[in-house]
Amino acid sequence: MRQSMTAVLERDTTFDGEFATEPYEVAWATEARWFVQILALDHAVGLRLRTQISPDGITWCDYDDAEHVAAGVGVTSWPVREFGHWLRVRGSVDPGEGTVTARIYLAVKS
Amino acid sequence: MVAADPRLSRFRPLKRILAHDQFDSGTHGWCELIGNYNGKGDLATVDDHMRDFRPPQLSGCNFFDIGTHGAMSGTYALKLATRPIAGHTAVGIRRLTMSGRGLVQIEAYFTFKAEATTGDHGVDSFGGVEWDGNLHPSEAQFGAFTVATDICGDQGLRYHTVARYQNTDLDNRLSRRWMYPAVPEPTPREHVQGKVKLEYGADFTAPDPDDWHVFGAPQELCYNEVPTKVNWHYLRWRIDTAKRRNVELQVNDRVMDMSEVPVPPYAESYGSLENLLNFYFSVRTHAPVRNFLFLDSVLISVDW
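Residues numbered from 1 in each chain as written. Chains lettered and ligands numbered in written order. Predicted model: local features only at pLDDT ≥ 70, side-chain atom pairs only at ≥ 80, totals over all residues. Heavy atoms only, no water.

### Some details on the packing of aromatic side chains
Residue and element names in this part refer to chain B. For clarity, the threshold we go by: Only Phe, Tyr and Trp rings are paired, with Trp represented by its six-membered ring, and only when their centres lie within 6.5 Å; those with planes under 30 degrees apart are stacked, over 60 edge-to-face, the remainder tilted. Per the convention used, a helix needs a DSSP run of H or I reaching at least four residues, while a strand needs a run of E reaching at least two, with both numbered from the N terminus. Accessibility here uses a 1.4 Å probe with only protein chains present; expressed as a share of the type maximum, an area under 20% marks a residue as buried, one over 50% as exposed, and anything in between as partly exposed. A positively charged side chain is recorded as over a ring if its NZ (Lys) or CZ (Arg) lies within 6 Å of the ring centre. The angle to the ring normal must also be within 35 degrees.
Scanning all chains against the criterion turns up 21 aromatic pairs over all chains. Ring plane angle 50 degrees and centroid distance 5.5 Å describe the contact between W30 and F281, whose orientation is recorded as tilted. You can see W30 sitting in the loop between strand 1 (16-22) and strand 2 (31-32) and its partner F281 sitting in strand 19 (residues 276-284), a full 251 residues away along the chain. Judged by centre distance (5.1 Å) and plane angle (55 degrees), the rings of Y165 and W178 are tilted. Of this pair, Y165 sits in strand 13 (residues 162-168) while W178 sits in strand 14 (residues 174-181); the two residues are 13 residues apart in sequence, bridging distant segments of the chain. Of the two residues, Y165 and W178, both sit in the buried class. Within the aromatic cluster, the residues linked to one another by ring pairs are F110, F112, F142, F145, Y165, W178, Y180, F215 and Y223. Its end group placed over the ring of Y223, K113 keeps NZ or CZ at 3.9 Å from the ring centre.

Encoded structure:
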(Lines give C-alpha, C1' and ligand atoms only; values in the text may rest on other atoms or scores of the structure.)
Protein backbone atom coordinates (compact mmCIF):
# COMPACT_ATOMS: atom_id res chain seq x y z
CA MET A 1 0.00 0.00 0.00
CA ARG A 2 1.31 3.45 -0.82
CA GLN A 3 2.27 5.87 1.94
CA SER A 4 0.58 9.25 2.12
CA MET A 5 0.47 12.29 4.36
CA THR A 6 -1.32 15.61 4.56
CA ALA A 7 0.55 18.41 6.31
CA VAL A 8 -1.15 21.67 7.20
CA LEU A 9 1.75 24.06 6.72
CA GLU A 10 -0.26 27.20 7.44
CA ARG A 11 -3.47 27.15 9.43
CA ASP A 12 -5.75 30.18 9.22
CA THR A 13 -2.70 32.40 8.91
CA THR A 14 -3.21 36.04 8.00
CA PHE A 15 -0.61 37.01 5.41
CA ASP A 16 0.52 40.45 4.41
CA GLY A 17 3.23 41.24 1.87
CA GLU A 18 5.56 38.37 0.95
CA PHE A 19 5.93 35.06 2.78
CA ALA A 20 7.28 31.52 2.51
CA THR A 21 6.10 28.37 4.26
CA GLU A 22 8.35 26.40 6.61
CA PRO A 23 10.68 23.82 5.00
CA TYR A 24 9.02 20.41 4.66
CA GLU A 25 10.84 17.13 3.93
CA VAL A 26 9.28 14.96 1.24
CA ALA A 27 12.14 12.73 0.07
CA TRP A 28 9.97 9.64 0.53
CA ALA A 29 7.22 10.91 -1.78
CA THR A 30 6.82 10.70 -5.55
CA GLU A 31 4.01 13.16 -5.94
CA ALA A 32 2.62 16.14 -4.12
CA ARG A 33 -0.28 18.52 -4.40
CA TRP A 34 -0.77 21.95 -2.91
CA PHE A 35 -4.17 23.09 -1.67
CA VAL A 36 -4.44 26.76 -0.80
CA GLN A 37 -7.74 27.62 0.86
CA ILE A 38 -8.48 31.30 1.20
CA LEU A 39 -10.79 31.93 4.15
CA ALA A 40 -10.97 35.72 4.21
CA LEU A 41 -9.64 38.78 2.43
CA ASP A 42 -9.19 42.34 3.57
CA HIS A 43 -8.51 44.84 0.78
CA ALA A 44 -6.95 42.04 -1.26
CA VAL A 45 -7.88 40.01 -4.33
CA GLY A 46 -5.90 36.91 -3.37
CA LEU A 47 -2.46 35.30 -3.31
CA ARG A 48 0.22 34.77 -5.94
CA LEU A 49 2.18 31.59 -5.23
CA ARG A 50 5.16 29.62 -6.54
CA THR A 51 6.43 26.16 -5.59
CA GLN A 52 10.02 26.15 -4.33
CA ILE A 53 12.52 23.31 -3.93
CA SER A 54 15.78 22.95 -2.05
CA PRO A 55 18.73 20.56 -1.72
CA ASP A 56 19.09 21.18 2.01
CA GLY A 57 16.07 23.01 3.41
CA ILE A 58 18.15 26.18 3.68
CA THR A 59 18.63 27.49 0.15
CA TRP A 60 15.69 27.58 -2.26
CA CYS A 61 14.88 28.06 -5.92
CA ASP A 62 11.64 28.15 -7.88
CA TYR A 63 10.42 24.74 -9.07
CA ASP A 64 9.27 26.10 -12.41
CA ASP A 65 8.03 29.28 -14.07
CA ALA A 66 4.40 28.75 -13.07
CA GLU A 67 2.74 31.36 -10.88
CA HIS A 68 -0.46 30.14 -9.25
CA VAL A 69 -3.14 32.68 -8.49
CA ALA A 70 -5.61 32.03 -5.68
CA ALA A 71 -8.32 34.67 -5.97
CA GLY A 72 -11.30 35.05 -3.68
CA VAL A 73 -12.60 32.74 -0.98
CA GLY A 74 -12.16 29.08 -1.98
CA VAL A 75 -9.54 26.45 -2.79
CA THR A 76 -6.80 26.52 -5.41
CA SER A 77 -4.70 23.43 -6.14
CA TRP A 78 -1.79 22.32 -8.30
CA PRO A 79 0.40 19.18 -8.51
CA VAL A 80 4.19 18.80 -8.25
CA ARG A 81 6.51 15.92 -9.18
CA GLU A 82 10.30 15.31 -9.32
CA PHE A 83 10.81 17.81 -6.53
CA GLY A 84 13.79 16.32 -4.68
CA HIS A 85 13.73 16.26 -0.89
CA TRP A 86 12.17 19.54 0.23
CA LEU A 87 9.12 21.61 -0.67
CA ARG A 88 7.70 24.98 0.27
CA VAL A 89 5.67 27.72 -1.37
CA ARG A 90 6.57 31.36 -1.51
CA GLY A 91 3.80 33.83 -2.04
CA SER A 92 2.63 37.40 -1.89
CA VAL A 93 -0.63 39.12 -1.16
CA ASP A 94 -2.19 40.76 -4.22
CA PRO A 95 -2.34 43.73 -4.05
CA GLY A 96 0.42 44.20 -1.51
CA GLU A 97 -1.38 46.55 0.86
CA GLY A 98 -4.14 44.04 1.80
CA THR A 99 -4.25 40.87 3.91
CA VAL A 100 -5.37 37.33 3.16
CA THR A 101 -6.25 34.63 5.69
CA ALA A 102 -5.55 31.16 4.32
CA ARG A 103 -4.87 27.52 5.04
CA ILE A 104 -2.09 25.80 3.08
CA TYR A 105 -2.18 22.02 2.79
CA LEU A 106 0.55 19.85 1.31
CA ALA A 107 -0.72 16.38 0.31
CA VAL A 108 2.13 13.95 -0.47
CA LYS A 109 2.10 10.34 -1.62
CA SER A 110 4.77 7.70 -2.22
CA MET B 1 11.40 -13.56 20.23
CA VAL B 2 12.43 -10.11 21.43
CA ALA B 3 16.09 -11.15 21.73
CA ALA B 4 16.10 -12.69 18.25
CA ASP B 5 14.75 -9.65 16.47
CA PRO B 6 17.22 -6.75 16.17
CA ARG B 7 14.31 -4.34 15.69
CA LEU B 8 13.06 -5.30 19.15
CA SER B 9 16.20 -6.40 20.98
CA ARG B 10 17.42 -2.80 21.14
CA PHE B 11 14.46 -2.19 23.49
CA ARG B 12 13.57 -3.54 26.96
CA PRO B 13 9.79 -3.84 26.67
CA LEU B 14 7.33 -4.83 29.35
CA LYS B 15 5.41 -8.02 28.62
CA ARG B 16 2.79 -6.57 26.27
CA ILE B 17 3.84 -4.36 23.38
CA LEU B 18 1.14 -1.88 22.39
CA ALA B 19 3.06 -0.08 19.66
CA HIS B 20 6.36 -0.45 17.86
CA ASP B 21 6.94 2.45 15.50
CA GLN B 22 9.72 2.61 12.94
CA PHE B 23 9.34 5.57 10.67
CA ASP B 24 10.48 3.95 7.45
CA SER B 25 6.86 2.81 7.20
CA GLY B 26 4.95 5.99 7.90
CA THR B 27 4.14 8.12 10.89
CA HIS B 28 2.39 5.34 12.87
CA GLY B 29 -0.18 7.73 14.29
CA TRP B 30 2.27 10.36 15.55
CA CYS B 31 0.55 13.54 14.46
CA GLU B 32 0.41 17.24 15.13
CA LEU B 33 -1.26 18.36 18.36
CA ILE B 34 -3.77 21.18 18.13
CA GLY B 35 -5.93 22.84 20.76
CA ASN B 36 -9.71 22.42 20.77
CA TYR B 37 -12.07 24.41 18.50
CA ASN B 38 -15.76 25.31 18.61
CA GLY B 39 -18.77 23.56 17.10
CA LYS B 40 -18.47 25.51 13.85
CA GLY B 41 -14.95 24.27 13.19
CA ASP B 42 -13.68 27.80 13.59
CA LEU B 43 -9.95 27.40 14.15
CA ALA B 44 -9.79 30.99 15.34
CA THR B 45 -11.22 29.59 18.58
CA VAL B 46 -8.07 27.47 19.13
CA ASP B 47 -5.85 28.83 21.89
CA ASP B 48 -3.05 30.97 20.45
CA HIS B 49 -0.37 28.93 22.20
CA MET B 50 -1.81 25.64 20.83
CA ARG B 51 -2.56 26.49 17.22
CA ASP B 52 0.84 26.03 15.56
CA PHE B 53 2.58 22.88 16.77
CA ARG B 54 3.68 21.98 13.22
CA PRO B 55 3.13 18.78 11.23
CA PRO B 56 5.68 16.00 11.83
CA GLN B 57 7.96 15.14 8.90
CA LEU B 58 9.40 11.88 7.66
CA SER B 59 13.01 12.97 7.44
CA GLY B 60 16.05 11.37 5.88
CA CYS B 61 18.06 13.65 8.16
CA ASN B 62 19.18 15.61 5.11
CA PHE B 63 21.85 18.26 5.72
CA PHE B 64 23.63 20.89 3.67
CA ASP B 65 27.10 19.45 4.17
CA ILE B 66 26.79 15.69 3.60
CA GLY B 67 23.32 15.22 2.14
CA THR B 68 21.40 12.30 3.60
CA HIS B 69 22.53 11.18 7.06
CA GLY B 70 19.74 8.62 7.39
CA ALA B 71 18.15 7.16 10.49
CA MET B 72 19.26 4.37 12.83
CA SER B 73 16.79 1.84 11.43
CA GLY B 74 16.74 2.79 7.78
CA THR B 75 16.43 5.98 5.81
CA TYR B 76 13.66 7.87 7.62
CA ALA B 77 13.08 9.25 11.09
CA LEU B 78 10.14 11.23 12.45
CA LYS B 79 11.19 14.87 12.71
CA LEU B 80 9.52 17.50 14.88
CA ALA B 81 10.61 20.96 13.75
CA THR B 82 9.93 24.32 15.36
CA ARG B 83 9.69 27.63 13.59
CA PRO B 84 12.72 29.92 14.01
CA ILE B 85 10.93 31.90 16.71
CA ALA B 86 12.18 31.89 20.30
CA GLY B 87 9.59 30.08 22.41
CA HIS B 88 8.00 28.19 19.55
CA THR B 89 7.16 24.54 20.22
CA ALA B 90 6.55 21.59 17.88
CA VAL B 91 4.55 18.66 19.25
CA GLY B 92 3.93 15.14 17.95
CA ILE B 93 1.26 13.17 19.80
CA ARG B 94 0.15 9.52 19.76
CA ARG B 95 -3.32 8.65 20.99
CA LEU B 96 -4.23 5.35 22.67
CA THR B 97 -6.55 4.21 25.45
CA MET B 98 -5.98 1.97 28.47
CA SER B 99 -7.38 -1.54 28.79
CA GLY B 100 -5.93 -1.92 32.26
CA ARG B 101 -3.89 -0.21 34.95
CA GLY B 102 -0.28 -0.72 35.97
CA LEU B 103 3.14 -0.13 34.46
CA VAL B 104 3.41 1.72 31.17
CA GLN B 105 6.71 2.25 29.42
CA ILE B 106 7.73 4.31 26.41
CA GLU B 107 11.11 3.76 24.82
CA ALA B 108 12.68 5.63 21.94
CA TYR B 109 15.85 6.19 19.99
CA PHE B 110 16.12 9.93 19.47
CA THR B 111 18.45 12.76 18.67
CA PHE B 112 18.15 16.53 18.92
CA LYS B 113 19.67 19.26 16.75
CA ALA B 114 19.44 22.96 16.05
CA GLU B 115 19.14 23.85 12.39
CA ALA B 116 22.42 24.46 10.62
CA THR B 117 23.00 28.10 9.80
CA THR B 118 25.16 29.19 6.89
CA GLY B 119 26.76 32.39 5.65
CA ASP B 120 25.63 35.59 7.24
CA HIS B 121 22.92 33.70 9.17
CA GLY B 122 25.58 31.88 11.20
CA VAL B 123 27.56 33.02 14.22
CA ASP B 124 30.78 31.76 15.81
CA SER B 125 29.62 32.54 19.32
CA PHE B 126 26.25 31.94 20.94
CA GLY B 127 25.07 31.46 24.51
CA GLY B 128 28.64 31.52 25.78
CA VAL B 129 29.78 28.76 23.39
CA GLU B 130 32.64 29.78 21.08
CA TRP B 131 33.54 27.78 18.00
CA ASP B 132 36.90 26.18 18.80
CA GLY B 133 36.97 23.28 16.35
CA ASN B 134 35.27 21.05 18.92
CA LEU B 135 32.41 22.96 20.52
CA HIS B 136 29.97 24.65 18.13
CA PRO B 137 27.59 27.53 18.96
CA SER B 138 24.74 25.49 17.45
CA GLU B 139 24.64 23.42 20.63
CA ALA B 140 23.55 26.50 22.60
CA GLN B 141 20.83 27.18 20.04
CA PHE B 142 18.90 24.05 21.06
CA GLY B 143 16.36 24.75 23.81
CA ALA B 144 14.57 21.72 25.22
CA PHE B 145 12.76 18.52 24.37
CA THR B 146 10.00 16.87 26.36
CA VAL B 147 8.35 13.47 26.62
CA ALA B 148 5.00 13.42 28.37
CA THR B 149 1.65 11.73 28.77
CA ASP B 150 -1.95 12.85 29.01
CA ILE B 151 -3.92 10.29 31.00
CA CYS B 152 -7.51 10.23 32.22
CA GLY B 153 -9.69 7.61 33.85
CA ASP B 154 -11.57 6.58 36.96
CA GLN B 155 -14.45 9.07 36.53
CA GLY B 156 -12.57 11.82 34.78
CA LEU B 157 -9.43 12.10 36.89
CA ARG B 158 -6.88 13.54 34.50
CA TYR B 159 -3.13 14.04 34.91
CA HIS B 160 0.13 14.35 33.02
CA THR B 161 3.50 12.81 33.60
CA VAL B 162 6.29 14.92 32.14
CA ALA B 163 10.06 14.70 31.68
CA ARG B 164 11.93 17.53 29.97
CA TYR B 165 15.57 17.78 28.97
CA GLN B 166 16.46 21.43 29.19
CA ASN B 167 19.61 21.83 27.11
CA THR B 168 19.75 25.58 27.56
CA ASP B 169 17.96 27.94 29.90
CA LEU B 170 15.84 30.78 28.57
CA ASP B 171 19.01 32.92 28.31
CA ASN B 172 20.54 30.32 25.97
CA ARG B 173 23.13 29.16 28.51
CA LEU B 174 23.83 25.42 28.57
CA SER B 175 22.00 23.88 31.54
CA ARG B 176 21.71 20.20 30.45
CA ARG B 177 19.29 19.17 33.16
CA TRP B 178 16.11 17.15 33.58
CA MET B 179 13.00 18.96 34.73
CA TYR B 180 9.34 18.41 35.59
CA PRO B 181 6.41 20.82 36.01
CA ALA B 182 4.73 21.09 39.38
CA VAL B 183 1.39 22.08 37.82
CA PRO B 184 -0.92 20.43 35.28
CA GLU B 185 -0.95 21.74 31.72
CA PRO B 186 -3.39 24.62 31.03
CA THR B 187 -6.36 23.32 29.02
CA PRO B 188 -8.71 24.83 26.42
CA ARG B 189 -11.59 24.48 28.90
CA GLU B 190 -9.74 26.63 31.39
CA HIS B 191 -9.47 29.25 28.63
CA VAL B 192 -13.19 29.02 27.83
CA GLN B 193 -13.90 29.39 31.56
CA GLY B 194 -11.77 32.55 31.61
CA LYS B 195 -9.15 31.09 33.92
CA VAL B 196 -6.18 31.33 31.59
CA LYS B 197 -5.20 33.06 28.34
CA LEU B 198 -1.77 32.33 26.93
CA GLU B 199 0.05 33.98 24.06
CA TYR B 200 1.57 32.42 20.96
CA GLY B 201 4.88 30.84 21.92
CA ALA B 202 3.94 30.30 25.56
CA ASP B 203 5.24 27.05 27.04
CA PHE B 204 2.06 24.98 26.74
CA THR B 205 3.19 22.23 29.14
CA ALA B 206 3.62 24.74 31.98
CA PRO B 207 3.94 28.40 31.02
CA ASP B 208 5.56 29.77 34.19
CA PRO B 209 9.31 28.95 34.32
CA ASP B 210 9.07 28.99 38.11
CA ASP B 211 6.80 25.92 37.94
CA TRP B 212 9.64 23.81 36.48
CA HIS B 213 11.87 21.91 38.90
CA VAL B 214 14.98 19.80 38.50
CA PHE B 215 15.16 16.08 39.07
CA GLY B 216 18.19 13.84 38.87
CA ALA B 217 21.65 15.21 38.14
CA PRO B 218 22.69 17.26 35.11
CA GLN B 219 23.38 15.05 32.11
CA GLU B 220 25.47 15.83 29.06
CA LEU B 221 24.15 14.18 25.93
CA CYS B 222 25.96 13.59 22.64
CA TYR B 223 25.18 16.62 20.50
CA ASN B 224 28.36 15.78 18.60
CA GLU B 225 29.86 19.15 17.90
CA VAL B 226 28.07 20.42 14.79
CA PRO B 227 24.37 20.58 13.80
CA THR B 228 24.67 17.98 11.05
CA LYS B 229 25.94 14.92 12.92
CA VAL B 230 23.25 12.61 14.26
CA ASN B 231 23.94 10.23 17.15
CA TRP B 232 20.98 8.19 18.36
CA HIS B 233 20.24 8.16 22.09
CA TYR B 234 18.23 5.58 24.03
CA LEU B 235 15.34 6.68 26.25
CA ARG B 236 13.21 4.46 28.48
CA TRP B 237 10.57 6.01 30.71
CA ARG B 238 8.33 4.01 32.99
CA ILE B 239 5.20 5.21 34.83
CA ASP B 240 2.55 3.45 36.91
CA THR B 241 -1.06 4.21 36.03
CA ALA B 242 -2.39 2.16 38.97
CA LYS B 243 -0.60 4.48 41.41
CA ARG B 244 -0.66 7.52 39.08
CA ARG B 245 3.07 7.93 39.66
CA ASN B 246 6.31 8.22 37.78
CA VAL B 247 8.70 5.29 38.18
CA GLU B 248 12.03 5.89 36.44
CA LEU B 249 13.68 7.44 33.42
CA GLN B 250 16.69 5.96 31.67
CA VAL B 251 18.59 7.98 29.09
CA ASN B 252 21.64 6.18 27.77
CA ASP B 253 23.70 5.03 30.74
CA ARG B 254 21.80 7.11 33.32
CA VAL B 255 18.82 5.71 35.25
CA MET B 256 16.94 8.31 37.30
CA ASP B 257 14.51 7.41 40.06
CA MET B 258 11.37 9.45 39.39
CA SER B 259 9.16 7.90 42.06
CA GLU B 260 9.22 11.09 44.11
CA VAL B 261 8.55 13.37 41.12
CA PRO B 262 5.01 14.65 41.71
CA VAL B 263 2.15 14.01 39.29
CA PRO B 264 -0.36 16.81 39.92
CA PRO B 265 -3.92 15.92 38.81
CA TYR B 266 -6.47 18.46 37.62
CA ALA B 267 -8.73 19.59 40.42
CA GLU B 268 -11.83 19.24 38.22
CA SER B 269 -12.86 16.13 36.34
CA TYR B 270 -12.87 15.88 32.53
CA GLY B 271 -15.47 14.20 30.34
CA SER B 272 -15.03 12.41 27.04
CA LEU B 273 -11.59 11.12 28.04
CA GLU B 274 -12.24 7.80 29.80
CA ASN B 275 -9.10 5.63 29.70
CA LEU B 276 -7.22 8.27 27.70
CA LEU B 277 -3.58 7.32 27.15
CA ASN B 278 -1.72 9.89 25.06
CA PHE B 279 2.01 10.26 24.63
CA TYR B 280 3.74 13.28 23.19
CA PHE B 281 7.20 14.43 22.30
CA SER B 282 7.82 18.13 21.96
CA VAL B 283 10.73 20.38 21.10
CA ARG B 284 10.99 24.04 22.09
CA THR B 285 13.48 26.55 20.82
CA HIS B 286 14.82 29.28 23.07
CA ALA B 287 16.52 31.06 20.17
CA PRO B 288 15.45 32.37 16.75
CA VAL B 289 16.70 29.12 15.23
CA ARG B 290 14.67 26.07 14.20
CA ASN B 291 15.07 23.18 16.65
CA PHE B 292 14.58 19.55 15.64
CA LEU B 293 13.77 16.40 17.59
CA PHE B 294 14.30 13.25 15.52
CA LEU B 295 12.77 9.91 16.55
CA ASP B 296 14.19 6.82 14.87
CA SER B 297 11.80 4.44 16.58
CA VAL B 298 9.42 4.25 19.51
CA LEU B 299 8.12 1.30 21.52
CA ILE B 300 5.23 1.46 24.00
CA SER B 301 4.65 -1.49 26.32
CA VAL B 302 2.62 -2.33 29.43
CA ASP B 303 2.46 -5.01 32.11
CA TRP B 304 -1.32 -5.45 31.89
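Once you've had a look at it, read on.
### Observations concerning the nonpolar core
Filter applied, for reference: Nonpolar core, defined: a set of buried Ala, Val, Leu, Ile, Met, Phe, Trp, Tyr and Cys residues in which side-chain atoms within 4.5 Å join the residues together. Residue contacts follow a heavy-atom distance rule, with two residues in contact if any of their heavy atoms lie within 4.5 Å.
Of all hydrophobic cores here, the largest spans 82 residues; its most connected members are L47 of chain A together with L249 and F281 of chain B. Here this core takes six residues from strand 8 (residues 103-114) of chain B, the largest share from any one element. Ignoring anything within four residues of it in the chain, the contact list for L47 of chain A reads F19, V36, I38, H68, V69, A70, S92, V93, V100 and A102 of chain A. L33, V162, M179 and Y280 of chain B belong to the second-largest nonpolar core, a separate cluster that totals twelve residues.

### Regarding the environment of L47 of chain A
All names here are of chain A. Here L47 lies in strand 5 (residues 46-53). Look at L47 and you get buried, because its relative accessible area is 0%. Counting along the chain gives 29 residues from L47 to E18, while the straight-line C-alpha distance between them is 9.6 Å.

### Looking at the interface of chain A and chain B
So the rule is basically this: Throughout, buried area stands for the accessible area (probe radius 1.4 Å) lost by two parts on being put together, summed over both. Within this document, salt bridges are pairs made up of a side-chain nitrogen of Lys or Arg and a carboxyl oxygen of Asp or Glu, the two lying within 4 Å of each other. Polar contact is the term for a pair of N or O atoms within 3.5 Å; when the atoms are in protein, one must be able to donate a hydrogen and the other to accept it, and sequence-neighboring residues count only if both atoms are side-chain atoms. The classification used treats Ala, Val, Leu, Ile, Met, Phe, Trp, Tyr, Cys and Pro as nonpolar, Asp, Glu, Lys and Arg as charged, and all other residues, Gly among them, as polar.
Of the residues lining the interface, 20 residues belong to chain A; the matching set on chain B comes to 30 residues. When the two sides are added together, the surface that chain A and chain B hide from each other amounts to roughly 1,900 Å², 46% of it contributed by carbon and sulfur. When the buried area of chain A at its contact with chain B is split by residue, R11, E22 and E25 of chain A rank highest and sum to 34% of it. Applying the counting rule to chain A against chain B returns four salt bridges. Residues R290 of chain B and E22 of chain A are paired through a salt bridge, measuring 2.6 Å at the closest nitrogen-oxygen approach. The interface formed by chain A and chain B holds twelve residue pairs in polar contact (both at pLDDT 80 or more) in total. Of all the secondary structure elements, the ones that give two or more residues to the side of chain A that touches chain B are strand 1 (4-16) and strand 3 (24-25) of chain A. In terms of residue count, the dominant contributor to the side of chain A that touches chain B is strand 1 of chain A (seven residues). Class assignment of the residues belonging to the side of chain A that touches chain B gives a composition of ten nonpolar, three polar and seven charged.

### A word on the sheet that holds strand 1 of chain A
Whether parallel or antiparallel, the strands of a sheet pair through hydrogen bonds between backbone atoms. Residue and element names in this part refer to chain A. The line we're drawing: Between any two strands, at least two bridges found by DSSP are needed for them to pair. Axis geometry follows a simple rule: fit a line to the C-alpha atoms, using only the stretch in contact for helices, then measure angles between N-to-C directions, giving values from 0 to 180 degrees.
Strand order in the open sheet formed by four strands is 1-10-4-8, and the pairing between neighbours is antiparallel. Both edges of this open sheet fall to strand 1 and strand 8 (74-81), since each of them pairs with a single strand only. Across the sheet, the axes of successive neighbouring strands diverge by a mean angle of 15 degrees, strand direction being ignored. Two strands pair when backbone bridges link them, and strand 4 (residues 31-42) and strand 10 (residues 99-109) are joined in this way by eleven bridges, in the antiparallel orientation. If you follow A32 over to strand 10, its bridge partner there is V108.

### Here we look at the pattern of salt bridges
Scanning all chains against the criterion turns up 28 salt bridges over all chains. Between E225 of chain B and K229 of chain B there is a salt bridge whose closest N-O contact spans 2.9 Å. Overlapping salt bridges, with partners in common, bring together E10 of chain A together with D52, R54 and R83 of chain B in one network.

### Side note on the side chain of N62 of chain B
For N62 of chain B, the location among the structural elements is in strand 4 (residues 62-63). Under the relative-accessibility criterion, N62 of chain B is labelled buried at 6%. A distance of 2.5 Å separates the side chain of N62 of chain B from the side chain of T68 of chain B, its partner in a polar contact. The contacts of N62 of chain B, once residues within four sequence positions are left out, are E25, A27, H85 and W86 of chain A together with G67 and T68 of chain B.

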